[in-house]
Amino acid sequence: MQGKVWKFGDNIDTDLIIAARYLNTSEPSELAKHVMEDADPQFVSKMGEGDIIVAGENFGCGSSREHAPIALKAAGINAVIAPTFARIFYRNAFNMGLPIFELKEAAEINEGDVVRIDMDAGEIINVTQAKTYKFTPIPEFMQELVNAGGLIEFAKNEIKAGA
Amino acid sequence: MGQTITEKIFSEHVGKEVHAGEIVRVNIDMIIGNDITTPISIRAFEESGAEKLARPDNFSIVMDHYIPAKDIASANQAKISREFAYKHDLKYFFDEKDMGIEHALLPEKGLVIPGDVIIGADSHTCTHGALGAFSTGMGSTDLAFGMITGGNWFKVPETIKVELTGMPGEHIYGKDIILELIRILGVDGALYKALEFTGDAIQHLGMDDRFSMCNMAIEAGAKSGIIAVDNITEAYLIEREEVNGGLRAKPKIHYSDEDANYCQVITIDVENLSPVIAYPFLPSNGKPVEQAVEDDLKIDQVMIGSCTNGRIEDLRIAAEIMKDKRVAKHTRMIVTPATQKILMQAQHEGLIDILIEAGAVVSNPTCGACLGGYMGILGDGERCVATTNRNFVGRMGARTSEIYLANSAVAAASAIAGKIVDPRDI
């Protein structure tokens with residue numbers, strides 16, 4: 001995947017990603033209309049399908065609302081890159097199928113850069129700056145879940161095996 | 001090798017000794033959903049082809065965020081949980097008839113037991129660690145996995161030991177201790193870790209203080225907060241047993257070994273602590289109340305409530321300060337008791353009269369104002385002192401509004417003064 005970068009700072013919390021005033025629904029298309037609104041009210045009108053968010057430390061801190069990765073994914077954000085992610089957001093993003101990548105050097109990427117992510121090689125390539133980075137591999141156990149097609153697919157396989 | 005209380009809880013659930021860093025899959029003793037997170041879980045549950053809950057007696061839905069419905073969308077969203085609850089004849093479904101904020105209601109009902117492994121699709125699920133349980137927040141899909149299989153996977157967390165020493169001074173509460181700890185750790189200082197509160201100061205802290213401390217473990221990024229069972233916990237459980245005609249299960253009491261492995265030890269001298277005020281826009285921006293007094297911070301709204309500080313002790317503290325006083329002319333005050341039981345208890349004790357006579361508005365239990373949902377939204381540039389847990393940008397309303405997190409005494413005293421004041425000066 002390849003996309004244009006939007007930069008955000010440290011500790012982007014889930015209220016900034018999707019404010020609670022919009023949590024009277026879990027409809028992805030509704031949530032997408034308000035993604036990152038309190039961080040940048042113009043974000044939805046500026047961003048494009050396939051863009052990538054690059055942020056600082058502890059992205060997704062705060063609430064457990066899965067509406068946050070849902071909103072990002074439904075808005076068309078291709079991936080989120082950050083040095084670290086908050087624990088619940090990290091798990092939710094995997095469960096929702098929003099690709100996220102831990103990259104220590106995330107700060108070197110600038111807004112507007114074009115970044116390509118090569119999942120197989122474990123690389124993030126900054127096309128604009130002609131720099132290549134290795135992202136932190138995901139934990140082995142989580143790779144099993146990804147291979148199964150996500151947590152619910154994993155559960156379905158168990159239901160089938162038990163039946 | 002010695003074990004922490006958290007490692008022991010997991011070991012007991014797995015059936016063999018486990019240590020921090022190991023991935024385990026265990027059955028969950030209580031899975032908690034609410035009206036805004038459970039609909040996503042229900043959708044995933046139904047899409048999986050599962051027909052019934054794997055462990056129906058270990059599952060609960062608490063309607064607390066947007067109940068009574070704030071608008072048509074919330075009403076429709078609530079229907080999803082209600083229909084599921086009726087279809088599956090849920091034993092633990094708490095709606096308007098028996099309402100409360102989940103992290104106050106479930107312990108009150110005797111449904112949280114020492115030694116439990118608990119997950120909830122709400123980040124403040126870590127509250128329940130105050131009863132010597134492992135309890136953590138997860139997302140809706142993880143909740144669905146628990147509904148389908150009865151369990152989930154965990155990485156057994158490393159533990160940060162938090163040693164609390166000394167006797168808390170006047171108007172120092174669990175809230176001040178946890179805000180001080182978050183100030184020290186930062187909002188990601190405990191990422192993936194358990195916070196274990198120990199030390200001689202614990203014996204001076206009642207259950208309401210302990211709930212409030214474990215509640216905000218997440219604000220330091222922690223996976224869980226935990227306090228071992230002692231005579232105060234036991235007295236609380238006996239009361240819950242009497243009131244509810246029994247507990248959900250028999251307590252399994254664990255204590256950390258003396259040679260348990262901690263990744264970090266933090267000591268806080270409670271004796272010399274001042275009330276802590278967390279300035280906008282992070283819970284880690286704690287400053288002593290003296291600083292806030294010097295900064296002369298006029299306030300538009302005061303909010304006492306939430307899963308952090310909406311318990312009976314909070315209402316007692318507020319009423320004691322507000323008796324025969326009046327909320328300042330340009331300030332308004334909202335009190336949201338965390339459960340109907342707390343509200344009734346406060347009524348019996350005459351606290352509600354005191355608060356209303358002082359000019360506060362008392363609402364039904366709800367998460368509403370704390371997360372900027374309804375029942376106390378802040379307008380542009382408004383400043384609020386809240387006993388809640390988060391002061392992020394826009395958390396309680398307008399992007400330009402400001403939230404100062406504090407204990408209930410600071411909140412009540414500030415409501416009267418119309419600006420942030422030190423309750424010890426009154």
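Summary of the structure given here.

Reading the values: rules and limits
Residues numbered from 1 in each chain as written. Chains lettered and ligands numbered in written order. Predicted model: local features only at pLDDT ≥ 70, side-chain atom pairs only at ≥ 80, totals over all residues. Heavy atoms only, no water. Helix = DSSP H or I, 4+ residues; strand = E, 2+ residues; numbered from the N terminus. Buried < 20%, exposed > 50% of the residue type's maximum accessible area, 1.4 Å probe, protein only. Contact = heavy atoms within 4.5 Å. Areas by Shrake-Rupley, 256 points an atom, 1.4 Å probe, with all protein chains shown as cover. Lys, Arg positive; Asp, Glu negative; His and termini not counted. Charge placed at Lys NZ, Arg CZ, Asp CG, Glu CD. Buried area = accessible area lost by both parts, 1.4 Å probe. Salt bridge = Lys/Arg side-chain N within 4 Å of Asp/Glu carboxyl O. Nonpolar A, V, L, I, M, F, W, Y, C, P; charged D, E, K, R; others polar. Polar contact = N/O pair within 3.5 Å; in protein donor to acceptor, adjacent residues only side chain to side chain. Phe/Tyr/Trp six-rings, centres within 6.5 Å; stacked < 30°, edge-to-face > 60°. Core = buried A, V, L, I, M, F, W, Y, C linked by side-chain atoms within 4.5 Å. Domains from an automatic or database assignment.

**As for the overall build of chain B**
Helix and strand counts for chain B come out as 14 helices and 18 strands. Looking at the 426 residues of chain B, the share that counts as buried comes to 66%. In chain B, of all internal contacts separated by at least 6 residues, the share reaching a separation of at least 24 is 76%. Here chain B has roughly 14,500 Å² of accessible surface; of this, 48% comes from carbon and sulfur atoms. Chain B carries 40 positive and 60 negative side-chain charges, and their two centres are separated by 5 Å.

**Quick notes on the interface of chain B and chain A**
It is common to give the size of an interface as the accessible area that goes away when the parts come together. Taken together, the 50 residues of chain B in the interface contact 43 residues of chain A. Between chain B and chain A, roughly 3,800 Å² of surface is buried when both sides are summed, and carbon and sulfur atoms account for 57% of that area. Along the contact surface separating chain B from chain A lie three salt bridges. Residue Arg25 of chain B is joined to Glu158 of chain A by a salt bridge in which the shortest nitrogen-to-oxygen separation is 2.6 Å. The set of elements that each furnish at least two residues to the side of chain B that touches chain A consists of β1 (23-27), α2 (38-47), α3 (72-87), β6 (134-137), α5 (140-149) and β7 (151-155) of chain B. For the side of chain B that touches chain A, the leading source of residues is α5 of chain B, giving seven residues. Residue classes in the side of chain B that touches chain A are distributed as 23 nonpolar, 15 polar and 12 charged.

**Here's the deal with the side chain of Asn34 of chain B**
Residues and elements named next belong to chain B. When you line up the elements, Asn34 lands in strand β2 (residues 30-34). There is a polar contact of 3.0 Å between the side chain of Asn34 and the side chain of Glu102. There is a polar contact of 3.4 Å between the side chain of Asn34 and the side chain of Asp122.

**Focus: the packing of aromatic side chains**
Scanning all chains against the criterion turns up 19 aromatic pairs over all chains. Here the aromatic rings of Phe154 of chain A and Phe145 of chain B are separated by 6.2 Å at their centres, their planes lie at 40°, and the arrangement is tilted. Within this pair, whereas Phe154 of chain A is found in helix α7 (residues 151-162), its partner Phe145 of chain B is found in helix α5, the two belonging to separate chains. Grouping residues by exposure puts Phe154 of chain A and Phe145 of chain B together as buried. Between the aromatic rings of Phe134 of chain B and Phe154 of chain B, the centroid separation amounts to 5.8 Å while the plane-to-plane angle is 85°, which identifies the pairing as edge-to-face.

**Observations regarding helix α1 (residues 5-14) of chain B**
All names here are of chain B. Of all 10 residues making up α1, seven are buried, and the element is well covered by its neighbours. Where α1 is concerned, the buried positions are Ile5, Thr6, Glu7, Lys8, Ile9, Phe10 and Ser11. Taken from the residues just after α1, Gly15 is the one with a positive phi, measuring 90°.

**Side note on the side chain of Asp314 of chain B**
By the element assignment, Asp314 of chain B lies in helix α11 (residues 312-322). Buried charge without a salt bridge: Asp314 of chain B, with Arg311 of chain B as the nearest opposite-charge side chain at an N-O distance of 5.5 Å.

**Comments concerning the nonpolar core**
Judged by nonpolar contacts, the single largest core of 126 residues is most densely connected at Ile53, Phe59, Leu72 and Phe89 of chain A together with Phe154 and Ile420 of chain B. No other element matches α11 of chain B, which puts seven residues into this core. Three or more residues apiece are contributed to this core by two domains, here domain 1 (5-268) and domain 2 (278-425) of chain B. Excluding residues within four positions of it along the chain, Phe59 of chain A makes contact with Ile12, Ile17, Ile53, Leu72, Val80, Ala82, Thr84, Phe85, Ala86 and Phe89 of chain A. By size, the runner-up hydrophobic cluster in this structure holds 58 residues, among which are Leu131, Ala201, Tyr236 and Ala369 of chain B.

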